[in-house]
Amino acid sequence: MNPRDPAAEGALSRLTIDLGAVRRNYRRLLGRLGGVSCAGVVKADGYGLGADRVAPALWAEGCRVFFVATLEEAVRLRPAVPDATVCCLNGLLAGTEAVFAEHRIVPVLNALDQVARWRRFGDTAGRKPPAILHVDTGMNRLGLGEDEWQRVLEAPDVLDGVDWLYLISHLASADEPEAPSNARQLARFRQVRQRLPQGMKASFANSSGIFLGPDYHFDMARPGIALYGGRPNLRDPNPLECPVRIEGRILQIRTVTAGTAVGYGGSWTSPRASRIATVAAGYADGYLRSLSGVGTVALGGRSCPVVGRVSMDLITVDVTDVPSAEAFAGAFVEVLGPSVTPDDAADAAGTIGYELLTSLGRRYVRHYVETPAGDRLA
Ligand SMILES: *Cc1c(COP(=O)(O)O)cnc(C)c1O
């Protein structure tokens, strides 16, 4: 945090993003991968952190392949990493071939009609256009299904005329290491790979998949959430650090007697005489309304409960146990960050860290920092 930044100084809420932490997370994943290469998934604007800032930070760590969901995201990302391989997961919509080519975006082809169209486009241009082949192995969302795969086996030349960079598939339950579907998908992926031309590289593991072990690593991993600090699963300790911190200012502190109803609907009533801080963060900032009565914030090294309903721009927090030297109007509290991680908040809200991060609001003053190793946001 730069206290001399005038915009940040006057702001009621601020979002700090530590690109140093993102880079360290990438290095931690590389350590797990033991020599296997690692792409960066920066779809949904880098899971809410800003793809245009996250991708160059990863590039500086040696990341050369990036995945986004849509063509629009890919085109927007292109200038941030001009020499990277930028891949578009959601496939090749008819009529967009020239846009892919113009911006050197690699489509992930999810069906044989997409393969045929990309090949025809390449034929017209007189070259073999690069692409990634996505084969479904049990997720049943995107990728060549069983029937289309049979057609490939019957007529392998349907894959001719394209420069295949990778074969990929996606795990449905990688965050549950004990789920039997992981091994089933792995066996299926190996089977598919054996039938494809020798030397076609393969990529299987998302963040959680990396932690399933080397069998899942193949030639390249595709982590997203782990770069942003999300835990790989519930079994292992989370080795990653949280690169985001959202702080909201206390706007007012009021002292209430026992039996006072607070906020919309009076859904919370103070059980004792209490000090209630009204903090500038609400669901319009991505502080989910389902955190009403179950969320916590961090102030002065303490965890304080969010009481009453989350409203659009405000939350109310019980700070009775925090000394008034720390809980005062104008002070910042951490509503999400290293002390209240997106995973923790998501557990309380009944959702997942992915949703919390990608819901981050637009109203915050965004602040990018790059802390050195050993110096965390906390
Ligand atoms: C989103 C996505 C990833 C990254 O998943 P994380 O769980 O965030 O690591 C990898 N591969 C595909 C196909 C995806 O859609």
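Residues numbered from 1 in each chain as written. Predicted model: local features only at pLDDT ≥ 70, side-chain atom pairs only at ≥ 80, totals over all residues. Heavy atoms only, no water.

### Focus: helix α7 (residues 112-125)
An α-helical turn contains 3.6 residues, so a residue and the one three or four places further along point in the same direction. A rise of 1.5 Å per residue sets the reference length of α7, with its 14 residues, at 20 Å; its end C-alpha atoms lie 20 Å apart and thus fit the reference within 8%. Taken together, the buried positions of α7 are occupied by L112, Q114, V115, R117, W118 and G122. The inward-facing, buried residues of α7 abut α6 (97-102), β6 (105-109), β7 (130-134), α8 (146-154) and β8 (163-168). Two residues or fewer past α7, G126 is found with a positive phi of approximately 75 degrees. (Helix = DSSP H or I, 4+ residues; strand = E, 2+ residues; numbered from the N terminus. Expected span 1.5 Å × (residues − 1). Buried < 20%, exposed > 50% of the residue type's maximum accessible area, 1.4 Å probe, protein only. Contact = heavy atoms within 4.5 Å.)

### What to know about the pattern of salt bridges
Summed over all chains, the structure comprises 23 salt bridges. As a salt-bridge pair, R24 and D18 come within 3.6 Å of each other at their nearest N and O atoms. R188 is paired through a salt bridge with E146; the nearest N and O atoms lie 3.4 Å apart. Of this pair, R188 sits in helix α9 (residues 180-195) while E146 is found in helix α8, placing the two residues 42 residues apart along the sequence. According to the relative accessible area criterion, R188 is buried, its value standing at 17%. The class for E146 is exposed, based on a relative accessible area of 53%. What emerges from the salt-bridge pattern is a single network uniting D18, R24, R28 and E241. (Salt bridge = Lys/Arg side-chain N within 4 Å of Asp/Glu carboxyl O.)

### A look at the side chain of E97
Mapped onto the elements of the fold, E97 is located in helix α6. Relative accessible area serves as the criterion here: at 10%, E97 is assigned to the buried category. Of the polar contacts made by the side chain of E97, one reaches the backbone nitrogen of G95; its length is 3.0 Å. Only 3.3 Å separates the side chain of E97 from the side chain of R117, close enough to count as a polar contact. For E97, the contacting residues outside a window of four places in its chain are L92, R117, W118 and F121. (Polar contact = N/O pair within 3.5 Å; in protein donor to acceptor, adjacent residues only side chain to side chain.)

### Thoughts on a nonpolar patch on the surface
A grouping of L12, L251 and L314 is seen on the molecular surface, where their side chains present a nonpolar patch of about 230 Å² in accessible area. Following the sequence through the fold, L314 ends up in the loop between β16 (302-307) and β17 (315-318). (Patch = residues over 30% accessible without salt bridge, like charges linked within 9 Å, V, L, I, M, F, W, Y side chains within 5 Å. Areas by Shrake-Rupley, 256 points an atom, 1.4 Å probe, with all protein chains shown as cover.)

### Details of the site of the ligand
Lining the immediate surroundings of the ligand are 13 residues, of which K43, Y47, S207, G224 and Y354 lie closest. Between the ligand and R222, the relevant distance is 3.0 Å, taken from a nitrogen atom to a side-chain nitrogen or oxygen of the residue. A distance of 2.9 Å is found between an oxygen atom of the ligand and a backbone nitrogen or oxygen belonging to I225. Contact with the protein chains hides 93% of the accessible area of the ligand, taken as 390 Å² for the molecule alone. Each residue belonging to the shell around the ligand can be placed in one class, and the counts come to 6 nonpolar, 4 polar and 3 charged. (Near = heavy atom within 4 Å. Nonpolar A, V, L, I, M, F, W, Y, C, P; charged D, E, K, R; others polar.)

### Focus on the environment of S359
Checked against the element boundaries, S359 lands in the loop between α12 (353-358) and β19 (365-369). Taking the C-alpha atoms as reference, S359 lies 14 Å from G337; in sequence the two are 22 residues apart. Aside from chain neighbours lying at most four places away, what touches S359 is D285, G286 and L288. Looking at S359, its side chain comes within polar contact range of the main-chain oxygen of E355, at 2.5 Å.

### Concerning the state of the cysteines
Following the criterion strictly, the structure yields 0 disulfides and no others. The thiol sulfur of C304 is not disulfide-bonded, and the nearest other cysteine sulfur, from C242, lies at 18 Å. (Disulfide = S-S within 2.5 Å.)

### Re the environment of Q150
In this fold, Q150 is placed in helix α8. Considered as a pair, Q150 and W268 are 118 residues apart in the sequence and their alpha carbons are 59 Å apart.

### Digging into the domain arrangement of the protein chain
Entries for the protein chain in the domain assignment read domain 1 (36-227) and domain 2 (244-369). Taken together, the 7 residues of domain 1 in the interface contact 8 residues of domain 2. Between domain 1 and domain 2 the total buried area reaches about 770 Å² when both faces are included, carbon and sulfur atoms providing 63% of it. When the buried area of domain 1 at its contact with domain 2 is split by residue, Y47, L49 and I225 rank highest and sum to 55% of it. For the pair domain 1 and domain 2, the number of links is 0 salt bridges. Summed over the shared surface of domain 1 and domain 2, the result is 3 residue pairs in polar contact (both at pLDDT 80 or more). (Domains from an automatic or database assignment. Buried area = accessible area lost by both parts, 1.4 Å probe.)

### Description of the packing of aromatic side chains
For any pair of aromatic rings, the description rests on two quantities: the centre-to-centre distance and the angle between the ring planes. Within the structure shown, the criterion is met by 8 aromatic pairs. Taken together, a centroid distance of 6.1 Å and an interplanar angle of 35 degrees make the contact between Y47 and Y354 tilted. Placement of Y47 in helix α3 (residues 43-47) and of Y354 in helix α12 is noted, with a sequence separation of 307 residues between them. Take Y47: its relative accessible area is 6%, and that puts it in the buried class. (Phe/Tyr/Trp six-rings, centres within 6.5 Å; stacked < 30°, edge-to-face > 60°.)

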